[in-house]
Amino acid sequence: MRTIIFEEITGDKLTIVQEIVHSNKSYNLLENGRANRTTEELKEEFLNSITKSMFIKLENNYIGVIDYLDENPKDGFPWLGLLMIHGDQQGKGYAKLAYAKYESELLQTGKSSVRLGVLKGNAKAKQFWESLGFTYYETKPFKANKEVDCYQKVILK
């Protein structure tokens, strides 16, 4: 059985984050207009006091990252900010396994729904999240004159 583990991202392992993020060039181009992210951008996103940033590990291998808010102060919902699997590991079902683990942890904390945003133009992500039961509810502005389609899922025990 393939077991997914979450491990907190720390500054001494930022090069692993960089490798995972840089393996997803098409996403980076869509989000930032560049194929790669700077070290400062990665620190800001994954080493802050607002979100929880975790590695997604399969046994002892770092295969992805997940970043989320336990509760968004703007709407009171948990928000999944990013779930990214290393480019070499995509298509193997690991994102579904990682999301299932995240959802299970939400249920254990008494949460009954979760929200996320999908960048306009990211058809692959839209299809993925809809396949997991997320439904669109509105479009909102995002950084650098971009937009995200907002999705929500009611999770049940």
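Above this text is the structure in question.
Cut-offs applied
- Residues numbered from 1 in each chain as written.
- Predicted model: local features only at pLDDT ≥ 70, side-chain atom pairs only at ≥ 80, totals over all residues.
- Heavy atoms only, no water.
- Helix = DSSP H or I, 4+ residues; strand = E, 2+ residues; numbered from the N terminus.
- Rg over C-alpha atoms; globule rule 2.2 N^0.38 Å.
- Buried < 20%, exposed > 50% of the residue type's maximum accessible area, 1.4 Å probe, protein only.
- Contact = heavy atoms within 4.5 Å.
- Areas by Shrake-Rupley, 256 points an atom, 1.4 Å probe, with all protein chains shown as cover.
- Pairing = 2+ DSSP bridges.

Before going further, it helps to examine the overall build of the chain. Secondary structure assignment for the chain yields five helices and seven strands. Along the chain, from the amino end to the carboxyl end, the secondary structure elements read β-α-α-α-β-β-β-α-β-α-β-β. Over its C-alpha trace the chain gives a radius of gyration of 15 Å, about what one expects of a compact globule, namely 15 Å for 157 residues. Seen along its three principal axes, the alpha-carbon backbone of the chain occupies a region of about 40 × 35 × 30 Å. Across the 157 residues that make up the chain, the buried fraction comes to 41%. A separation threshold of at least 6 residues defines the contact pool for the chain, and within that pool the share at least 24 residues apart is 58%. With the model as given, the accessible surface of the chain reaches about 8,800 Å², and the carbon-plus-sulfur share is 51%.

Attention now moves to unusual backbone geometry. Backbone geometry places glutamate 59, a non-glycine residue, at a positive phi of 55 degrees. You can see glutamate 59 is positioned in the loop between strand E2 (52–58) and strand E3 (61–69). By relative accessible area, glutamate 59 is classed as partly exposed at 42%.

Here we come to the environment of alanine 98. With respect to the helices and strands, the residue alanine 98 is situated in helix H4 (residues 94–108). Note on alanine 98: relative accessible area 0%, which makes it buried.

When strand E5 (residues 113–119) meets strand E7 (residues 146–154), the two strands line up antiparallel, connected through seven bridges. Note on E7: the bridge partner recorded for valine 118 is aspartate 149. When strand E6 (residues 135–142) meets E7, the two strands line up antiparallel, connected through seven bridges. Within E7, the residue paired with glutamate 138 across the bridge is cysteine 150. Here E6 folds back onto E7 in antiparallel fashion, the turn holding three residues, of which alanine 144 has a positive phi close to 55 degrees.

Fair warning: the whole summary comes from geometry, so function is off the table for now.
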